Amino acid sequence: MYVPPNLITNHDLEKIMDTSDEWIKQRTGIEQRYWISMEGATGSSDLGLEASKMALANAGWTAEDLDFIIFATLSPDIMFPGSGCLLQAKLGLNSTPALDIRQQCSGFLYGLATADAYIKTGLAGKILLVGAEVHSSGLDKSTRGRDVTVIFGDGAAALCIEGIETDANAGVLASALHADGNYAEALMTELPASRLPIRIPPGVPIDDPRYYPVMDGPAIFKKAVRMLPQVINESLEKAQMSLDDIDLIVPHQANLRINQALGQFLKLDENKIFHNIQKYGNTTAASIPLALHEAMAQGRIGKSGDVVLFVGLGAGLTWGSVIYKFL
Ligand code: ACO
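Residues numbered from 1 in each chain as written. Predicted model: local features only at pLDDT ≥ 70, side-chain atom pairs only at ≥ 80, totals over all residues. Heavy atoms only, no water.

Trainee: Any chance you could explain the overall build of the protein here in plain terms?
Mentor: Looking only at helices and strands, one finds ten helices and twelve strands in the protein. Sorting the 327 residues of the protein into buried and exposed places 52% on the buried side. Of the roughly 14,800 Å² that the protein leaves accessible, carbon and sulfur atoms contribute 51%. In the protein, 26 side chains carry a positive charge and 37 a negative one; their mean positions are 4 Å apart. (Helix = DSSP H or I, 4+ residues; strand = E, 2+ residues; numbered from the N terminus. Buried < 20%, exposed > 50% of the residue type's maximum accessible area, 1.4 Å probe, protein only. Areas by Shrake-Rupley, 256 points an atom, 1.4 Å probe, with all protein chains shown as cover. Lys, Arg positive; Asp, Glu negative; His and termini not counted. Charge placed at Lys NZ, Arg CZ, Asp CG, Glu CD.)

Trainee: Can you walk me through the sheet that holds strand β7 (residues 171–179) in this structure?
Mentor: The strands making up a sheet associate through backbone hydrogen bonding, with each pair oriented either parallel or antiparallel. Pairing in this open sheet of four strands is mixed, and the strands run β7-β12-β11-β10 from one edge to the other. Lying at the two open borders of the sheet, with one neighbouring strand each, are β7 and β10 (248–251). Adjacent strand axes in the sheet meet at a mean angle of 15°, parallel and antiparallel pairs treated alike. Two strands pair when backbone bridges link them, and β10 and strand β11 (residues 307–314) are joined in this way by four bridges, in the parallel orientation. Directly across from Leu 248, in β11, lies its bridge partner Val 308. Most of the contacts of helix α7 (residues 217–239) go to β11, to which it runs at about 145°, and overall it touches β7, β10, β11 and β12 (318–325). (Pairing = 2+ DSSP bridges. Axes fitted to C-alpha atoms, helices over the stretch in contact; angles between N-to-C directions. Contact = heavy atoms within 4.5 Å.)

Trainee: Please explain the domain arrangement of the protein as it appears in this structure.
Mentor: The extent of an interface is frequently quoted as the accessible surface area lost upon association of the parts. Partitioning the protein into domains gives domain 1 (6–162) and domain 2 (171–325). Taking only C-alpha atoms, the centre of domain 1 and the centre of domain 2 are 14 Å apart. Both faces considered, domain 1 and domain 2 share a buried interface measuring about 3,400 Å² in area, 66% of it formed by carbon and sulfur atoms. Three residues, Cys 105, Phe 108 and Leu 109, lead the burial of domain 1 against domain 2; their summed loss comes to 19% of the area buried on that side. For the interface between domain 1 and domain 2, the tally reads zero salt bridges. Counting across the domain 1 and domain 2 interface gives 17 residue pairs in polar contact (both at pLDDT 80 or more). At the level of secondary structure, the elements contributing two or more residues to the side of domain 1 that touches domain 2 comprise α2 (21–28), β2 (32–35), α5 (107–120), β5 (126–133), α6 (146–149) and β6 (155–162). The greatest single-element share of the side of domain 1 that touches domain 2, amounting to seven residues, is contributed by α5. Broken down by class, the residue content of the side of domain 1 that touches domain 2 amounts to 19 nonpolar, 13 polar and ten charged. (Domains from an automatic or database assignment. Buried area = accessible area lost by both parts, 1.4 Å probe. Salt bridge = Lys/Arg side-chain N within 4 Å of Asp/Glu carboxyl O. Polar contact = N/O pair within 3.5 Å; in protein donor to acceptor, adjacent residues only side chain to side chain. Nonpolar A, V, L, I, M, F, W, Y, C, P; charged D, E, K, R; others polar.)

Trainee: What is the right way to read the site of the ligand from this model?
Mentor: Looking at the ligand, there are 27 residues lining it, with Thr 19, Arg 27, Cys 105, Asn 255 and Ala 315 nearest. Within the side chain of Arg 146, an N or O atom sits 3.1 Å from an oxygen atom of the ligand. Gly 217 is positioned such that a nitrogen or oxygen atom in its backbone is 3.1 Å from a nitrogen atom of the ligand. Sorting the residues of the shell around the ligand by element identifies α2, α6, α7, α8 (256–265) and β11 as the ones contributing at least two each. (Near = heavy atom within 4 Å.)

Trainee: What is the right way to look at the pattern of salt bridges in this model?
Mentor: Opposite charge on two side chains permits pairing when their charged atoms draw close. Per the stated rule, a full pass over the model turns up eleven salt bridges. A salt bridge links Glu 50 to Lys 53; the nearest nitrogen and oxygen atoms lie 3.6 Å apart. You can see Glu 50 and its partner Lys 53 sitting in helix α3 (residues 44–59), three residues apart, about one turn around the helix. By relative accessible area, which is 27% here, Glu 50 ends up partly exposed. Accessibility expressed as a relative area gives 44% for Lys 53, which makes it partly exposed. In this structure, Asp 116 engages Lys 120 in a salt bridge whose closest nitrogen and oxygen atoms are separated by 3.0 Å. Placement of both Asp 116 and Lys 120 in helix α5 is noted, with a separation of four residues, approximately one turn of the helix. Assessed through its relative accessible area of 16%, Asp 116 is described here as buried. Judged by its relative accessible area of 57%, Lys 120 falls in the exposed class.

Trainee: What's the story with the pairing of β5 in this structure? I'm lost.
Mentor: Strand residues, when the strand is regular, have side chains that alternate between the two faces of the sheet. Among the eight residues of β5, seven are classified as buried, and the element is accordingly described as predominantly covered. Of the strand pairs in this sheet, strand β3 (residues 68–72) and β5 are connected by five bridges, and their pairing is parallel. Residue Phe 71 lies in a different strand from β5, and its bridge partner there is Val 130. Two elements, β5 and β6, share eight bridges in a ladder whose sense is antiparallel. When the sheet's bridge partners are listed, Ile 127 is paired in β6 with Ile 161.

Trainee: Which parts of the structure should I look at to understand a negative patch on the surface?
Mentor: On the surface, a cluster of negative charge is contributed by Glu 64, Asp 65, Asp 67 and Glu 162. Looking at the element boundaries, Asp 65 is found in the loop between α3 and β3. (Patch = residues over 30% accessible without salt bridge, like charges linked within 9 Å, V, L, I, M, F, W, Y side chains within 5 Å.)

Trainee: Would you mind going over the environment of Asp 244 with me for this structure?
Mentor: Examined against the element boundaries, Asp 244 turns out to sit in the loop between α7 and β10. Between the C-alpha atoms of Asp 244 and Gly 163, which are 81 residues apart in sequence, the distance is 27 Å.

Below, the structure written as structure tokens:
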């Protein structure tokens with residue numbers, strides 16, 4: 001995992017907009033987040049590169065070993081080409097296929113399910129899956145945007161995923177993915193828009209709210225607390241498992257209250273669900289793998305036979321759950 005060095009506390013935000021440390025902590029659990037420096041160009045592929053170099057080193061792989069790169073982000077470096085291509089070049093490669101996944105907070109879940117399908121069908125053996133976001137350069141840092149701006153952090157995390165022949169019941173055991181485009185406008189950044197005759201409409205001031213993410217937070221909150229338990233049960237059914245078989249739930253880190261409500265609804269033991277939103281805010285496609293990295297570093301998960309359940313919901317709307325067993 002990698003986060004940029006620019007630490008932004010809630011108190012730093014109090015200085016630029018009408019908000020408070022107390023409000024942010026009480027409503028979201030977030031205490032701080034990392035944002036890229038305002039000087040110099042740092043895109044999602046740059047953060048993804050740092051995480052990828054560490055993941056490759058940890059796996060003992062070189063970039064040349066990769067058969068496929070999957071890059072999940074809602075904040076691509078540029079409108080096109082995708083950040084996966086940019087990362088591929090930064091890794092020193094020139095023909096490895098690279099796929100971008102645009103599923104926001106569910107990007108990692110869609111990416112992992114895609115990687116699993118590529119491996120199980122023999123299309124790829126060694127895959128680099130990256131989740132990376134630079135939110136901070138696109139946020140409305142005035143009081144108008146405070147509901148969205150205080151929750152987002154920049155960051156990246158990467159996984160090396162390898163297909164191996166084994167009789168063991170391990171790897172991705174089940175995945176359940178969903179989307180409901182009817183709620184697209186509940187969380188979106190509207191401009192630039194290819195559906196308009198001119199995608200950057202002339203005469204629209206640069207601080208127009210359509211250039212910034214807008215969110216119907218309460219509506220998404222309600223959806224999350226309803227859909228997350230459902231999709232967890234769906235993935236458990238597919239894997240023919242129960243919650244007792246899960247060693248740790250690593251959920252998307254969108255709001256501590258959402259994940260605490262999930263824990264209460266499922267009657268989970270406190271230590272069966274992982275939180276780190278306090279330190280990083282919502283890093284969207286990076287959030288689940290970043291949490292996985294920390295859970296593994298803390299020894300909470302990762303031993304042979306351990307079972308982890310990933311779950312999340314975000315813009316799209318998209319949501320899903322993936323169950324993974326360590327070999
Ligand atoms: N500081 C101070 N006050 C604020 C702030 C802020 N940063 N933001 C909003 N407020 C105010 C509002 O103006 C409102 O004031 P009013 O009562 O006078 O009108 C009040 O606080 C309550 O606002 P709500 O929006 O009802 O607050 P809520 O408790 O719902 O918290 C939040 C807002 C944190 C956004 C919450 O709704 C949430 O987490 N929603 C889900 C987010 C999510 O999961 N998104 C999907 C993932 S992100 C992705 O996919 C990219």
